[in-house]
Amino acid sequence: MKAARIKAPRRPALKKPSNPCVKDPVGVYCRVRPLSLPDQECCIEVIDETTVQIHPPEGYRVFRNGEYRETQYSFKEVFGTLVIQKQLFDVVAKPLVEDLIHGKNGLLFTYGVTGSGKTHTMTGSPGDGGLLPRCLDMIFNSIGPFQAKRFVFKLDDKNGVNVQCEVDALLERQKRDAMPIPKTPSGKRQIDPEFADMINVQDHCKAEEVDEDNVYGVFVSYIEIYNNYIYDLLEETPFEPIKPKPPQSKILREDQNHNMYVTGCTEVEVKSTEEAFEVFWRGQKKRRIANTQLNRESSRSHSVFIIKLAQAPLDADGDNVLQEKEQITLSQLSLVDLAGSERTNRTKAEGNRLREAGNINQSLMTLRTCIEVLRENQMYGTNKMVPYRDSKLTHLFKNYFDGEGKVRMIVCVNPKAEDYEESLQVMRFAEMTQEVEVARPADRPICGLTPGRRFRNQAFREELQRKLEMRGGPISGEAEEQAFSELFLQNFPPLPSCELLDINDDQTLPKVIEVLEKRHKLRQMLTEEIAKTVLAFKTILQEFDSNVASKDNYIQGKLSEKDKIIAEQKMELERLEKKIKTLEYKIDILEKTTTIYEEDKRNLQQELESKSQKLQRQASDKRRMEARLQGMVAETTMKWEKECERRVAAKQLEMQNKLWVKDEKLKQLKAIVTEPKNEKPERPSRVRDREKPLQRSVSPSPAPSAPAVRLRRRRSRSVGERWVDHKPPSNVPTETVMQPQVPHAITVVAASEKALAKCDKYMLTHQELASDGEIETKLIKGDVFKTRGGGQAVQFTEIETLKQESPTGRKRRSSPPNPDQPEDAADSEWTDVETRCSVAVEMRAGSALGPGYQHHAQPKRRKP
């Protein structure tokens, strides 16, 4: 008769665990791979067993304005470059395998940049198997003798499991053996030499406290998430050389227990480590990898290897699987090898590689976002929606973060300096992931059957087989009963011969009667003994029953007392639990309040620091401005003092010049009046005037006729200095007798910094119309000096004026004309006085050589 096919029972809901308040943080471990070349620059070093330190490389420091900042990150445990795979497995993966055998789920994934050793950590290398083959080896070492026969457990298409009877399982095995490609038994399986060294693990690691009264079945599946699509790596597609079909993507669905699974995924039942790893290797060959600038075999997809363990208890006899769905448990362990995050400007990816890198980075960013939201919800008590559905990777494993199993992550880093920025982002994500807590999964239901029934049934069968072998082989039930009768009749006296050969024989019958009487007596004795024995046994049974009843009553009394105590203790526990919940609620409120206050305190401290820095900057700016203004005030004061002194000196000289000119004119008038007319006019001597400033010389009388004026050019006093002669193109040539001549001068039409840099003096020729309409030429002179900013500046010091007057201008008379004199004499006298008085004297400001001269050369004018 076929046994009823039942599905795996629904796992206990997360709302009713044994301890709903217990949460475990995500276990994050760090593994540092060795450098490829010994002379490479290293930016990561291991400080101790739980801390690593990352520092920017030399080039990065220069690029970042010389900033040098070392950062330390803490993990649950750090594995350096010399750590072997076994040590990593014992710490990280072994507890997950033990939980799997005890009916709990687990998730283990490797995370890091491309080329950091994630695939090596998960898969391993020849002669040094990774975490995956070691997990498989530990599973089969632990449940090897307790495995169910093939096809006893059968997975359905809704993430459940069915239990088949021995007949259905046998038919399935026969059907499998009848396939065209026969399956070799696991004991005779030829291991592929390509991966034989990876699974040749000599540790023989086993889990502790394996339930020996259960039967187990192992199923494996292998999928990859490529460009946010899920593909089955174990799916067998028919080969079509003309038009091969592309692999079909799979769909994620939710089962009745709200667990996510891949519908239509191939799940293979395996019975040994070799067979399981052969299935993995078959899928590994289909996984998408490519060659990039950073990694010769870069994974272009996230791979997920799922190990499902179905277990069910044996019945009370220890022979067959218990057909009760509440006692069937299905647990799984997911081993995830994430594709590495990468920067396209470093990998030089383009085309398909660029699209793959974009999808990889997007899925990893979604994982980071989910972790951030989970952390924020747990730390601040918010209830934000976690965006699991934004990526297939996070959607597949959302049950683990919701409390469906234990989660562990291995952060793989490459210490080379080129990966500094990527490694820094990985460290920050790992540090944030450690703060996320996952609810501890509920324990599986306890079976109420007697433990040790498998070995008791096995011992009974071995003992029965031994006795049967001693008697010559197995016997049936009727033969056993017949042998017992023969053994019982052997205790009676033997019957004599009952053959009557003579009619007169009178001895045979009496002997038979005597023997029968003896047998009858013996039978009566045996019957009496049996009756006595039965009576004694009944008495013993009655006494035993009475003792059992009294003990039952005593036990019931004790149990009732214990029940009362337990009830009181339960009430006390409930009261304490309510109090604990109230206190926890208050603690949560206080923690949230403390968090808010601390955040406000940090914000206020930051604001205070920023304002203090701002005030310090303003104070320093104020001090600099004060110093600058003081310097400008001092400089301006000194400049104006010099300017005032110069102007006062110029004004004094101007007044002295005016006085001197008046004195000179008076001298000339006196000389004209007192000296005879035949003497020639004498040009005043500056040297004589300087020697005798208080005496007035007598001016000679003018000559009868004015002598011819010799052409002279006025020379500059600064002969040894370089001058910039600035003559604008708008100036009009004067064609006067006296012209300014400056030696070693650079003549320019516009002032330039280049010309000013080569000279010490500057002269600007400026022309303008005077009030009488004549052209007035001014020579504006100044000193050239360098400025603080590296430029050139001119400080004007003096002005020379060259003025032309028209001959028709106004004339001055020295005295009224004498009417008694003749007309010619009066005219000649007027002309001589005008000629002598027409010499204008101009004193140059700031000069120490005395007055200068300017001849206006007015011609004689005759009276009409």
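Residue numbering note: each chain is counted from 1, following its sequence as written. Totals for whole chains, interfaces and linings use all residues, but because this is a predicted model, local features are given only for residues with pLDDT of at least 70 and pairs of side-chain atoms are given and counted only at 80 or more. The side-chain numbers reported here are obtained from all heavy atoms of the structure, hydrogens and water having been left aside.

Examining the overall build of the protein
Looking only at helices and strands, the protein has 17 helices and 31 strands in total. Think of it in three bands: with a 1.4 Å probe and only protein chains considered, a residue is buried below 20% of the maximum accessible area for its type, exposed above 50%, and partly exposed in between. Every one of the 864 residues in the protein was classed for burial, and the buried ones make up 37%. Contacts were defined at the residue level, with two residues in contact if any of their heavy atoms lie within 4.5 Å. Once local pairs closer than 6 in sequence are excluded, the contacts in the protein between residues at least 24 apart make up 70%. Taken as a whole, the protein presents about 54,800 Å² of accessible surface, with 53% of it coming from carbon and sulfur. Where helices and strands are cited, they refer to DSSP runs of H or I of at least four residues and of E of at least two residues respectively, numbered from the N terminus. The accessible surface values rely on the Shrake-Rupley method and a 1.4 Å probe; as for residues, cover is taken only from the protein chains in view.

So, the packing of aromatic side chains
Think of it this way: a Phe, Tyr or Trp ring, Trp meaning its six-membered ring, pairs with another when their centres are within 6.5 Å, and the plane angle makes it stacked under 30 degrees, edge-to-face over 60, tilted otherwise. Summed over the entire model, instances satisfying the criterion amount to 9 aromatic pairs. Where F277 meets W281, the ring centres are 6.0 Å apart and the plane angle is 25°; that geometry is what we call stacked. Of this pair, F277 and W281 both sit in helix α6 (residues 273-284), 4 residues apart, which is roughly one turn of that helix. Of the two residues, F277 and W281, both sit in the buried class. A network of ring pairs unites the aromatic residues Y222, F277, F280, W281 and F305 as a single cluster.

Some words on the state of the cysteines
Two cysteine sulfur atoms form a disulfide, by the criterion used here, when they sit within 2.5 Å. According to the stated counting rule, one finds 0 disulfides in the structure shown. Cysteine C412 remains unbridged, with the sulfur of C30 as its closest cysteine sulfur at 8.0 Å.

So, the packing of helix α2 (residues 85-101) against helix α4 (residues 131-143)
To obtain an axis, a line is fitted to C-alpha atoms, over the contacting stretch when the element is a helix, and the angle between two such axes runs from 0 to 180 degrees between their N-to-C directions. With their axes 9 Å apart at the nearest point, α2 and α4 run at an angle of 45° to one another. When the interaxial angle is binned, α2 and α4 end up oblique. Here the hand of the crossing between α2 and α4 comes out right-handed. Two secondary-structure elements touch here, α2 through Q85, K86, L88, F89, A93, K94, V97, E98, L100 and I101 and α4 through L131, R134, C135, M138, I139 and S142. Of the residues contributing to the contact of α2 with α4, the split by class is 10 nonpolar, 2 polar and 4 charged. Any angle from 65 to 115 degrees is called roughly perpendicular, while one under 35 is roughly parallel, one over 145 is roughly antiparallel, and all others are oblique. By convention the crossing between two helices is left-handed if the near helix lies anticlockwise of the far one by an angle smaller than a right angle, and right-handed if it lies clockwise. Asp, Glu, Lys and Arg are counted as charged, while Ala, Val, Leu, Ile, Met, Phe, Trp, Tyr, Cys and Pro are counted as nonpolar; the rest, among them Gly, fall into the polar class.

Comments concerning the pattern of salt bridges
Only one rule defines a salt bridge in this text: a Lys or Arg side-chain nitrogen within 4 Å of an Asp or Glu carboxyl oxygen. Applying the stated criterion to the full structure yields 28 salt bridges. For D128, the salt bridge identified is with R134, shortest N-O distance 3.7 Å. Between R287 and D337 there is a salt bridge whose closest N-O contact spans 3.0 Å. On the criterion of sequence distance, the pair formed by R287 in the loop between α6 and β17 (289-290) and D337 in strand β20 (residues 329-337) is long-range, its members being 50 residues apart.

A word on the sheet that holds strand β26 (residues 745-748)
One open sheet holds the 5 strands; their spatial order is β26-β24-β27-β28-β29, and the pairing between them is mixed. The sheet is open, and its two edges are formed by β26 and β29 (792-803), each paired on a single side. Looking at each pair of strands side by side, their axes are set apart by 25° on average, direction ignored. For two strands to pair, DSSP has to find at least two bridges joining them. For strand β24 (residues 723-726) and β26, the ladder comprises 4 bridges, and the chain directions are parallel. Across the sheet, the residue bridging to H726 is V748, located in β26.

Looking at α2
Taken as a whole, α2 carries its principal kink of about 50° at A93; the proline P95 stands between one and four residues after it. Looking only at α2, the buried set comprises Q85, L88, F89, V92, A93, P95, L96, V97, D99, L100 and I101. Just past α2, the residue G103 takes up positive phi, approximately 90°. Working definition for bend: take the seven residues up to and ending at a residue and the seven starting at it, fit an axis to each, and measure the angle between the axes.

Regarding the packing of α4 against α6
Geometry of a packed helix pair, given as the angle between the helix axes and the separation of the axes. Look at α4 against α6: their axes get within 9 Å of each other, and the N-to-C directions meet at 150°. By the angle between their directions, the pair α4 and α6 is classed as roughly antiparallel. Both α4 and α6 take part in a crossing whose hand is right-handed. Seen from α4, the contacting residues are L132, P133, L136, D137 and F140; seen from α6, they are T273, A276, F277 and F280. Looking at the contact of α4 with α6 residue by residue, the class counts come to 7 nonpolar, 1 polar and 1 charged.

Considering the confidence of the model for the protein
pLDDT gives the predictor's per-residue confidence on a scale running from 0 to 100. Here the protein averages 77 in pLDDT, and 75% of its residues register 70 or above. With pLDDT under 50 throughout, residues 1-19 is counted as low confidence; its partners more than four residues away or in other chains account for 48 contacts. Confidence drops under pLDDT 50 across residues 182-188; counting only partners more than four residues distant or on other chains, this segment forms 3 contacts.

Description of the sheet that holds strand β4 (residues 51-54)
The strand order across the open sheet built from 3 strands is β3-β4-β5, with neighbouring strands paired in antiparallel fashion. Bordering the open sheet on either side are β3 (44-46) and β5 (71-74), each of which pairs with just one other strand. On average, adjacent strands in this sheet sit at an angle of 25° to one another, irrespective of strand direction. Where β3 lies against β4, 3 bridges are found, and the strand directions are antiparallel. Within the sheet, the bridge partner assigned to I44 lies in β4 and is I54.

Describing unusual backbone geometry
Unusually for a residue other than glycine, N159 sits at a positive phi of about 65°. Checked against the element boundaries, N159 lands in the loop between β10 (153-155) and β11 (161-163). What makes N159 buried here is its relative accessible area of 16%. Although it is not a glycine, H258 adopts a positive phi angle of roughly 65°.

Let's talk about the pairing of strand β21 (residues 405-413)
The two faces of a sheet get side chains in turn, since along a regular strand they alternate between them. Burial analysis of β21 places 8 of its 9 residues in the buried class, the great majority of the element. Pairing between strand β2 (residues 27-32) and β21: 6 bridges, direction parallel. Note on β21: the bridge partner recorded for R31 is C412. Note that strand β7 (residues 105-112) and β21 share 8 bridges and pair parallel. Across the sheet, the residue bridging to G106 is K406, located in β21.

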